[in-house]
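A look at the structure
Residues per chain, in single letters:
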Amino acid sequence: MESTNEAARPRDFIREIIDEDNRTGKHAGRVHTRFPPEPNGYLHIGHAKSICLNFGLALEFGGKCNLRFDDTNPTKEDEEYVQSIEEDVRWLGFEWNEQPFYASDYFPQLYDWAVQLIKAGKAYVCDLNAEEMREHRGTLTAPGKNSPFRDRSVEENLDLFARMKAGEFPDGTRTLRAKVDMASPNLNMRDPVLYRILHATHHRTGDQWCIYPMYDYTHGQSDSIERITHSICTLEFENHRPLYDWFIKELGIYAPQQIEFARLNLTYAMMSKRRLLELVREKHVSGWDDPRMLTIRGLRRRGYTPEAMRSFCERIGVAKFNSTIDMLVLENALRDDLNKRAQRAMAVLRPLKVVITNYLEDQVDELEAINNPEDPTIGTRKVPFAREIYIEQDDFREDPPKGFYRLAPGKEVRLRYAYFITCTEAVKDAAGNVTELRCTYDPATRGGNAPDGRKVQGTIHWVSAKHAARAEVRLYDHLFSKPDPDDVPAGQDYRANLNPNSLELLSNVPVEPFLANAKPGDRFQFERQGYFCVDTKDSAPGKLVFNRSVSLKDSWAKQEKAQQGKPQAKKK
RNA sequence: UCAGGGAUCGGCUAAUGGCAGGCCGCCUGGCUUUGAACCAGGUAGUGGUGGUUCGAAUCCAUCUCCCUGAGCCA
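Residues numbered from 1 in each chain as written. Chains lettered and ligands numbered in written order. Predicted model: local features only at pLDDT ≥ 70, side-chain atom pairs only at ≥ 80, totals over all residues. Heavy atoms only, no water.

This part covers the nonpolar core. One finds Ile45, Val89, Leu266, Met309, Phe312 and Leu330 to be the most contacted residues of the largest nonpolar core, which totals 41 residues. Here the element with the most residues in this core is helix H2 (residues 45-60); it accounts for 6 residues. Apart from the residues within four sequence positions on either side, phenylalanine 312 is in contact with Ile45, Leu264, Leu266, Ile325, Val329, Leu330 and Ala333. Judged by nonpolar contacts, the second largest core, of 36 residues, contains Phe107, Tyr111, Phe169 and Tyr244. (Core = buried A, V, L, I, M, F, W, Y, C linked by side-chain atoms within 4.5 Å. Buried < 20%, exposed > 50% of the residue type's maximum accessible area, 1.4 Å probe, protein only. Helix = DSSP H or I, 4+ residues; strand = E, 2+ residues; numbered from the N terminus. Contact = heavy atoms within 4.5 Å.)

In the vicinity of RNA strand B lie 67 residues, with Glu16, Arg344, Arg406, Gly447 and Lys558 positioned nearest. The share of sugar and phosphate among atoms of RNA strand B within 4 Å of the protein is 62%. A distance of 3.0 Å separates a phosphate oxygen of RNA strand B from a polar atom in the backbone of tyrosine 215. In the environment of RNA strand B, a sugar or linking oxygen lies 3.4 Å from a nitrogen or oxygen atom belonging to the backbone of tryptophan 556. Elements with a contribution of two residues or more to the surface near RNA strand B: helix H5 (130-137), strand E6 (193-197), helix H12 (327-341) and helix H13 (555-571). (Near = heavy atom within 4 Å. Polar contact = N/O pair within 3.5 Å; in protein donor to acceptor, adjacent residues only side chain to side chain.)

Partitioning chain A into structural domains gives domain 1 (12-99 + 216-341), domain 2 (102-213) and domain 3 (343-569). Distance between the C-alpha centres of domain 1 and domain 3: 39 Å. Contacts between the two partners involve 28 residues from domain 1, matched on the other side by 36 residues from domain 3. When the two sides are added together, the surface that domain 1 and domain 3 hide from each other amounts to roughly 2,800 Å², 53% of it contributed by carbon and sulfur. In this assembly, domain 1 and domain 3 are joined by 6 salt bridges. (Domains from an automatic or database assignment. Buried area = accessible area lost by both parts, 1.4 Å probe. Salt bridge = Lys/Arg side-chain N within 4 Å of Asp/Glu carboxyl O.)

One open sheet accounts for 4 strands, arranged E4-E5-E6-E7; its pairing is antiparallel. Taken across any chain shown, the strands that pair with only one partner, and hence form the sheet edges, are strand E4 (123-126) and strand E7 (211-213). On average, each strand axis in the sheet is inclined to that of its neighbour by 20°, with strand direction left out of account. The pairing of E6 with E7 spans 3 bridges and is antiparallel. Note that in E7 the partner of arginine 196 across the bridge is tyrosine 212. Strand contacts of helix H4 (residues 107-119): E4, strand E5 (175-178), E6 and E7, with the helix running at about 120° to E6, the strand carrying the most contacts. (Pairing = 2+ DSSP bridges. Axes fitted to C-alpha atoms, helices over the stretch in contact; angles between N-to-C directions.)

With that out of the way, let us pick up the packing of helix H1 (residues 13-24) against H2. Helix-helix packing is described using two parameters, namely the angle between the two axes and the distance between the axes. Axis separation between H1 and H2 bottoms out at 12 Å; the angle between their running directions is 35°. In the crossing of H1 with H2, the sense of the turn from one axis to the other is right-handed. Each of Ile14, Arg15 and Ile18 in H1 lies in contact with H2, whose residues at this interface are Leu53, Leu57 and Glu60. Tallied by class, the residues present in the contact of H1 with H2 amount to 4 nonpolar, no polar and 2 charged. (Left-handed = near helix turned anticlockwise from the far one by under 90°. Nonpolar A, V, L, I, M, F, W, Y, C, P; charged D, E, K, R; others polar.)

Below, the discussion takes up the pairing of strand E2 (residues 64-69). With respect to burial, E2 is a largely interior element, 5 of its 6 residues being buried. Across 4 bridges, the pairing between strand E1 (residues 32-35) and E2 is parallel. Within E2, the position partnered with arginine 34 by the bridge is asparagine 66. Handedness of the β-α-β unit built from E1, H2 and E2 comes out right-handed. Note: E2 against strand E3 (residues 101-102), 2 bridges, orientation parallel. Pairing of phenylalanine 69 across the sheet is with tyrosine 102, part of E3. (Right-handed = clockwise from strand over helix to strand, strands pointing away.)

Right under this line is the structure:
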């Protein structure tokens, strides 16, 4: 791997540790990390933070990063997840060292080490069932009691463990435990289980094993086998570190250095795999790749770019403090990336028909539009203009509030890249709703400039009615309506905070003609609206579907809201 | 109650005994054929109390608050 030129990157506490290790020669200058997911679910944005950290470190320090599947629980894991995880890591832009590794490849070695521990009198077969074991464990403040099986002879333990492996005992009847200290204030040290009996088929080792090592017994040794220098994990494993160190010491093997950091939390979101699964199972979302899901696949389908994801991970930093990142940071990372690259287009989400009364019935204009003002290299395109066009309902007010500089009766605005128009009449239905606008245009303003130098304050987007392609547009909002989804009245759970408006469907939306040829995954900025991408699942030729990735910032909406909020604030 | 961690502007994060800085947000203003982007300015912080020191976010003591931990899950 190449090291990137990122000298300017701020030094977080992990990079400082590595700097120091390199200075003192602790790992002989090596930097070797790993990303160790369990293949029991899809990766989410929290994993992305860990991925960017581990792979990023390897890149920056000229080291290596392994992808290792921690597949020690066959009842929950599946090959399908292995595939999706590899795909997601690659999509984020990272390449792992050699082939993916699997903890299951170390089962034979782990077994031999268990035998070694038994022989050294450091492990024993325990016949306690789960409930009895819990009773013996003690509490946070009270020490545990030794298992009655703790002092079995080495010979008996060896025999029993071999028979466990041979499948002589049913699930749950026996375990292999480490002999550490039942009085330790650290519950992880109270004779933790090393192996449990599980007559289950493993996605890689099949029915070869009926005993499976526990995560705690597997993880540290796997790191050791792979000669990992910096074993980076989340805060909840801090309490486990003494146990990992105990295994390494008793086994006399290479010692990786574990460093813990705080996992990612985001406002209006949940990160736990269990709950993500519930959202899918209970059909609150359409699947793991629902664009509202903060899974990597969900974000990808939503229109997020790998660059935006990496930039986000860089912006949030790494620390031990349990923090919650504002969802805005994620959204801004996307906006920043797409602003520079996304081709512009016009689409009218909530159309209001406008008839240009002084424009000839059969006349058509081809106007030149800039594809991206931020990037002149991608050139221009032609946009057809005709007598009947659509504009956004929001861009007209019969009774405009102060500061509104879009269209209103008698007012003039610029149609982007086209002409100045002046509203002469608002046509209404019986209920008094404005259904259509009559306007006149000024032929001298073709392209959007007035030769007489007069200015208009507003520029609005539009689409020619008869030239428009039609699309379905899906507007997404936060899945939860509160910054903290767990902020619920007593007796309720996060489901009470599910945002009923997290998906708004717009059909038959008029969009610029060229968009008819857009391909799944293509990204655009719909001017004055936001960034949209062609859905990769439901869009097809003749049936365009756009997902809103993120809206543009809207300072007018903010200003108007503030104005409306003022009188209320006074009342209070 | 025990053990292990943690606490710096509204949010995130620097400063490692020597001017508390950056990003985001928010507010002003500029610019503008996207009320976007961009540019400029502003706002605002060391959890409390004592101590050491010429000097403390940083070291010491003490208090407070928060997180994690009693799976044969990871």
